[in-house]
Amino acid sequence: MWTSRLFWKLFLVYGGLNFAVAAMFPLLLSSWQESLLVNQVQDRLEGMALILRAQVEDDLVSGKHDRLDSLARRLAREAEVRVTLVAADGTVIADSDEDIKIMQNHSNRAELIAAAENGKGSSIRRSPTLGIRMLYAAIPVKQNEQLIAFVRLAVRLDTLDEQLRQRQRMLWLCTFGVAVLAAPITYLIVRSIAQPLTALTASARAIRSGDYKRAVPLRSRGELGELGTAFDQMRVDLASRVAELEENNMQMSTVLGGMVEGVLAVDAKRRVLLANRACRSLLAITSPQVAGRNLLEVVRNGDVDAAVNEALTSDQPHTREITLIGPPRRVLSLFATKFAAGSNHGAIVVMHDMSELRRLENLRREFVANVSHELKTPLASIKAYAETLRMGAINDKEHNLGFVDRIAEQAEYLHQLILDLLHLARVEAGQEAFQLAAVDLAPAVERCVTQVKQLAEQKNILLTIVSPANPAKAWADSDAVFTILSNLVGNAVKYTPTDGRVEVRWWLEDGEVIVEVQDTGIGIAKEDQQRIFERFYRVHKARSRELGGTGLGLAIVKHLSQSFGGSVALTSEINQGSIFRVTLPAASS
Ligand code: ADP
């Protein structure tokens with residue numbers, strides 16, 4: 001309470017007003033009393049002057065001034081006044097208090113001038129002779145309308161002044177008494193107004209800072225009490241509305257944040273209202289604060305801006321596909337539509353990432369083209385050999401069997417190609433039924449090596465197996481492990497020229513089984529290493545086909561390894577050789 005500015009303001013204003021009203025009494029009364037007292041004294045003096053004039057009129061008219069001085073002195077003594085008789089020219093004839101010989105001419109005295117004009121005159125001034133404030137009253141003495149002299153009486157005002165001062169002191173004392181008595185009453189009244197208002201202010205401040213729990217203390221009655229009740233009800237309503245809004249907001253943020261689609265909302269002036277997480281990531285928006293900023297400044301993409309423009313200027317939703325150069329390069333499908341919420345309107349853009357879909361579409365197109373191409377070549381050979389036989393070569397005893405062998409070879413190649421395609425398709429689609437078990441690498445490697453032994457011997461390639469001291473087992477499907485190894489070992493022998501070396505080794509490392517197939521073959525150039533695991537990608541097209549390769553082997557290796565949570569990597573130098581490294585999860589022993 002004591003710190004409330006309102007309290008002090010009201011208290012000082014009310015207290016000041018009380019005092020001012022009380023102070024008006026002494027101020028007004030003192031001057032009124034003074035004039036009242038002066039008038040009374042003046043009337044008394046004039047009355048006495050009239051009586052004195054009657055007594056001295058004859059002497060003044062006849063010019064007998066002898067006894068006037070003693071008369072004046074006697075009267076003055078008895079009536080406690082000063083008596084002065086002044087001739088019409090201002091010469092003092094008699095004076096009760098002073099020696100007339102030393103007195104100045106009185107013709108310029110205000111009361112005498114007024115008396116000559118109006119029949120009576122008075123004046124208050126400091127007496128030059130006595131140095132005291134005096135009240136003078138004078139009346140003229142006339143004979144046949146001829147001014148002969150003046151009778152002037154004067155009284156000291158210092159006793160009157162003292163009386164007035166005493167009364168004034170009393171009045172001021174009363175004023176202070178009233179003010180002091182009024183202070184506690186003022187305090188109580190002001191407190192009854194200021195206290196509820198201070199409490200309301202504190203509650204309003206608390207609400208502004210988000211604290212809706214603080215109830216308004218409702219002690220007053222009347223209008224202020226009603227105001228407090230209404231305010232408290234408002235606080236409760238506001239609290240529940242804010243909670244509702246926060247809940248809605250949270251739900252909306254959760255939904256928007258969890259959406260895979262990007263959502264961007266802008267107002268009619270193209271200022272960003274919101275951009276969800278997906279939108280920020282798709283449009284690579286790094287700035288944390290986007291709300292309220294200009295759209296182009298935030299997204300820096302003319303296509304998004306154009307889509308928003310279209311939506312804002314049309315009643316129809318607008319769709320378009322845009323490509324972001326990146327990196328990463330992305331294809332986005334935008335769906336922009338106008339919205340109106342109350343007096344606000346703007347546009348909402350929903351964006352889908354089409355990059356993967358478009359990539360898959362491209363892959364499918366490429367794949368279909370590749371498969372067609374792969375099938376076309378052997379089929380064309382088969383067709384040509386069959387045609388040659390039909391045209392008469394069937395009777396050519398020397399070559400006919402050779403042609404049939406070529407047809408069988410191409411048919412075998414087609415068969416292998418289709419088997420590989422089906423295998424790859426099943427692995428990719430996750431349809432291959434794997435039987436996961438702890439697969440010992442040693443027998444699988446032995447089998448692969450046996451498989452290529454003949455070819456290796458033909459090319460005089462030294463095949464080495466380096467097995468680990470402790471048996472390493474991978475957690476995988478044994479057929480799949482064999483497929484992986486046979487592809488890698490087969491390729492190593494295929495792409496290593498005569499007198500080369502191929503080594504297969506494996507070991508356990510950090511809970512993984514690592515298998516490496518190293519050759520001293522032709523190697524693979526850096527630019528091809530990225531693409532070597534793609535379907536139908538061949539570095540040495542002619543040699544691969546000549547050796548019966550389908551171009552699918554490494555793609556199968558990659559997909560199979562990944563199916564078990566593993567991976568495949570390549571290190572290669574052209575004409576130096578290659579190392580294919582397959583990592584598979586180890587079986588826990
Ligand atoms: P392919 O059936 O043609 O061997 P792969 O998918 O197994 O198909 O291999 C793809 C291509 O990678 C091959 O055509 C070949 O050019 C290259 N390649 C694979 N293994 C090796 C290797 N050990 N040394 C050099 N080149 C290889």
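Residues numbered from 1 in each chain as written. Predicted model: local features only at pLDDT ≥ 70, side-chain atom pairs only at ≥ 80, totals over all residues. Heavy atoms only, no water.

S.K.: Hey, could you run me through the site of the ligand in this one?
M.R.: Around the ligand, the surrounding shell holds 22 residues, and the nearest of these are Asn-491, Asp-519, His-540, Ser-544 and Leu-554. Between Asn-491 and the ligand, the recorded distance is 2.8 Å, taken from a side-chain N or O atom to an oxygen atom. For the ligand, an oxygen atom lies 3.0 Å from a polar atom in the backbone of Val-539. Protein chains shield 99% of the accessible area of the ligand, which is 520 Å² for the free molecule. Judged by its atoms lying within 2 Å of the grid points, the ligand is housed in the largest pocket. (Near = heavy atom within 4 Å. Polar contact = N/O pair within 3.5 Å; in protein donor to acceptor, adjacent residues only side chain to side chain. Areas by Shrake-Rupley, 256 points an atom, 1.4 Å probe, with all protein chains shown as cover. 1 Å grid on protein atoms, 1.4 Å probe; cavity = no way out; pocket = protein on both sides within 12 Å on 5 of 7 lines; lining within 4 Å. Sits in = over half its atoms within 2 Å of the grid points.)

S.K.: Quick question: what am I supposed to make of the nonpolar core here?
M.R.: It is characteristic of soluble globular proteins that their nonpolar side chains tend to be buried jointly. Counting residues in hydrophobic clusters, the biggest one holds 50 residues, and the most contacted among them are Leu-441, Val-481, Leu-485 and Leu-488. Considering each element in turn, this core owes the most residues, 9 residues, to helix H12 (residues 478-494). Among all residues touching Leu-488, those that are not within four sequence positions of it are Val-517, Leu-554, Val-557, Phe-580 and Val-582. Residues Leu-45, Leu-68, Val-141 and Leu-157 belong to the second largest nonpolar core, which totals 31 residues. (Core = buried A, V, L, I, M, F, W, Y, C linked by side-chain atoms within 4.5 Å. Buried < 20%, exposed > 50% of the residue type's maximum accessible area, 1.4 Å probe, protein only. Helix = DSSP H or I, 4+ residues; strand = E, 2+ residues; numbered from the N terminus. Contact = heavy atoms within 4.5 Å.)

S.K.: Looking at this structure, how should I read the layout of surface pockets?
M.R.: The gaps of empty space that remain are located by a probe, the size of a water molecule, rolled over the atoms. Approximately 1100 Å³ is the volume attributed to the largest pocket. Looking at the lining of the largest pocket element by element, the count peaks at 9 residues for H12. When residues are assigned to domains, the lining of the largest pocket turns out to be shared by domain 4 (358-427) and domain 5 (434-585), each giving three or more. Looking at the second largest pocket, its volume works out to about 460 Å³. Lining the second largest pocket are 17 residues, with Arg-359, Leu-363, Glu-366, Glu-534 and Arg-535 positioned closest to its centre. For the lining of the second largest pocket, the elements supplying multiple residues, two or more each, are helix H9 (355-390) and helix H15 (553-563). (Points joined across faces, edges and corners; volume = space filled by probe spheres on them. Domains from an automatic or database assignment.)

S.K.: Help me understand the sheet that holds strand S14 (residues 501-509) in this model?
M.R.: Consider a sheet: its strands pair through backbone hydrogen bonds, and that pairing is either parallel or antiparallel. Taken together, 5 strands build an open sheet; the order of strands is S12-S14-S15-S17-S16 and the sheet is mixed. Two strands bound the open sheet, and with one partner strand each, they are strand S12 (462-466) and strand S16 (567-573). The average angle at which neighbouring strand axes cross in this sheet is 15 degrees, direction not considered. Pairing between strand S15 (residues 512-519) and strand S17 (residues 577-585): 7 bridges, direction antiparallel. If you follow Val-515 over to S17, its bridge partner there is Val-582. (Pairing = 2+ DSSP bridges. Axes fitted to C-alpha atoms, helices over the stretch in contact; angles between N-to-C directions.)

S.K.: Just checking my understanding: could you explain the packing of helix H1 (residues 5-62) against helix H4 (residues 158-208) for this structure?
M.R.: Relative placement of two packed helices is described by the angle separating their axes and the distance separating the axes. As a packed pair, H1 and H4 sit with axes 8 Å apart at the nearest point and diverge in direction by 160 degrees. The orientation of H1 with respect to H4, classified from their angle, is roughly antiparallel. With respect to the hand of their crossing, H1 and H4 are arranged in right-handed fashion. Of the residues in the contact of H1 with H4, the class split is 28 nonpolar, 8 polar and 3 charged. (Parallel < 35°, antiparallel > 145°, perpendicular 65-115°, else oblique. Left-handed = near helix turned anticlockwise from the far one by under 90°. Nonpolar A, V, L, I, M, F, W, Y, C, P; charged D, E, K, R; others polar.)

S.K.: Before we go on, may I ask you to explain the pairing of strand S6 (residues 262-267) in this structure?
M.R.: Residues in a regular strand point their side chains to alternate faces of the sheet. A large share of S6 lies buried, amounting to 6 of its 6 residues. Every second residue of S6 is oriented toward a common face, with Gly-262, Leu-264 and Val-266 on one face and Val-263, Ala-265 and Asp-267 on the other, all of them buried. Taken together, the 3 bridges between S6 and strand S7 (residues 272-275) define a ladder with antiparallel strand orientation. Residue pairing across strands places Val-266 opposite Val-272, the latter belonging to S7. Linking S6 to S7, which pair antiparallel, is a turn of 4 residues; within it Arg-270 sits at a positive phi near 60 degrees.

S.K.: How do you make sense of the packing of H4 against helix H5 (residues 222-258) when you look at a structure like this?
M.R.: Close contact between H4 and H5 brings their axes to 10 Å; oriented N to C, the two are set at 10 degrees. In terms of axis orientation, H4 runs roughly parallel to H5. Two secondary-structure elements touch here, H4 through Ser-192, Ile-193, Pro-196, Leu-197, Leu-200, Ser-203, Ala-204 and Ile-207 and H5 through Leu-224, Leu-227, Gly-228, Phe-231, Arg-235 and Leu-238. Class assignment for the residues of the contact of H4 with H5 results in 10 nonpolar, 3 polar and 1 charged.

S.K.: Where do I start with the domain arrangement of the chain in this structure?
M.R.: Buried accessible area, meaning the area lost when the parts come together, often serves as the stated size of an interface. The domain architecture assigned to the chain consists of domain 1 (5-162), domain 2 (212-253), domain 3 (259-353), domain 4 (358-427) and domain 5 (434-585). Each of domain 1 and domain 2 was reduced to a C-alpha centroid, and the two centroids are 77 Å apart.

S.K.: Please explain unusual backbone geometry as it appears in this structure.
M.R.: It is generally the case that most residues other than glycine have a negative phi and that most peptide bonds are trans. The backbone phi angle of Glu-80 is positive, close to 55 degrees, even though this residue is not glycine. Positive phi, normally seen in glycine, also occurs at Phe-536, with a value near 65 degrees. On the secondary structure map, Phe-536 appears in the loop between helix H13 (526-529) and helix H14 (541-546).

S.K.: Just to check I follow, could you spell out helix H11 (residues 441-458) for this structure?
M.R.: In an α-helix there are 3.6 residues to a turn, and that puts residues three or four apart on one side. If you check H11, its first and last C-alpha atoms are 26 Å apart, about what 18 residues at 1.5 Å a residue would give, namely 26 Å. Of the residues making up H11, those classed as buried are Leu-441, Ala-444, Val-445, Cys-448, Val-449, Val-452 and Ala-456. The inward-facing, buried residues of H11 contact strand S11 (437-440), S12, strand S13 (473-476), H12, S14 and S15. Taking the backbone nitrogen of Ala-442 as reference, a side-chain oxygen 3.3 Å away marks Asp-440 as the first, capping residue of H11. After H11 finishes, the residue Asn-460 shows a positive phi value of roughly 55 degrees. (Expected span 1.5 Å × (residues − 1).)

S.K.: I'm lost on helix H2 (residues 68-79) in this one. Help?
M.R.: Across its 12 residues, H2 extends 16 Å between first and last C-alpha, which sits within 8% of the 16 Å expected from 1.5 Å per residue. The complete set of buried residues in H2 reads Leu-68, Leu-71, Ala-72, Ala-76 and Ala-79. Each buried residue of H2 lies within a common arc of 130 degrees when the element is viewed along its axis, so the set occupies one face. More than 90 degrees from the buried face of H2, the exposed residues found are Arg-77 and Glu-78. Those residues of H2 that are buried lie in contact with H1, strand S1 (82-87) and strand S2 (92-95). (Arc of directions from axis to C-beta.)

S.K.: Teacher, can you tell me more about the sheet that holds strand S9 (residues 330-341) here?
M.R.: Taken in spatial order, the 5 strands line up as S7-S6-S10-S9-S8 in an open sheet, and their pairing is antiparallel. Sheet topology places S7 and strand S8 (318-324) at the edges, where each strand pairs with a single neighbour. Across the sheet, the mean angle from the axis of one strand to that of its neighbour is 20 degrees, orientation sign disregarded. Note: S6 against strand S10 (residues 344-353), 6 bridges, orientation antiparallel. Each bridged residue has a counterpart across the sheet, and for Gly-262 the counterpart in S10 is Met-351.

S.K.: When you look at the environment of Gly-523 in this model, what are you seeing that I'm missing?
M.R.: Mapping Gly-523 onto the fold places it in the loop between S15 and H13. Between the C-alpha atom of Gly-523 and that of Ile-394, which follows or precedes it by 129 residues, the distance is 43 Å. Residues within four places of Gly-523 in sequence aside, it is in contact with His-540, Ser-572, Glu-573, Ile-574, Asn-575, Gly-577 and Ser-578.

S.K.: Sorry if this is basic, but what is going on with the packing of aromatic side chains here?
M.R.: For any two aromatic rings, the description comes down to two numbers: the centre-to-centre distance and the angle of the planes. A complete count under the given rule lists 10 aromatic pairs for this structure. Ring geometry for Phe-7 versus Trp-8: centroids 5.3 Å apart, planes at 75 degrees, classification edge-to-face. The buried category is assigned to Phe-7, whose relative accessible area is 1%. Summarising the aromatic geometry, the rings of Trp-172 and Phe-176 are spaced 6.4 Å apart at their centres and angled 40 degrees between planes, so their arrangement reads as tilted. One end of the pair, Trp-172, and the other, Phe-176, are both in helix H4, 4 residues apart, so they sit about a helical turn from each other. Here the aromatic cluster, defined as three or more aromatic residues joined through ring pairs, consists of Phe-7, Trp-8, Phe-11 and Tyr-187. The ring of Tyr-136 has Arg-125 lying over it, and the distance from NZ or CZ to the ring centre is 4.2 Å. Sitting over the ring of Phe-482, Arg-447 keeps its end group 3.7 Å from the ring centre. (Phe/Tyr/Trp six-rings, centres within 6.5 Å; stacked < 30°, edge-to-face > 60°. Lys NZ or Arg CZ within 6 Å of the ring centre and 35° of its normal.)

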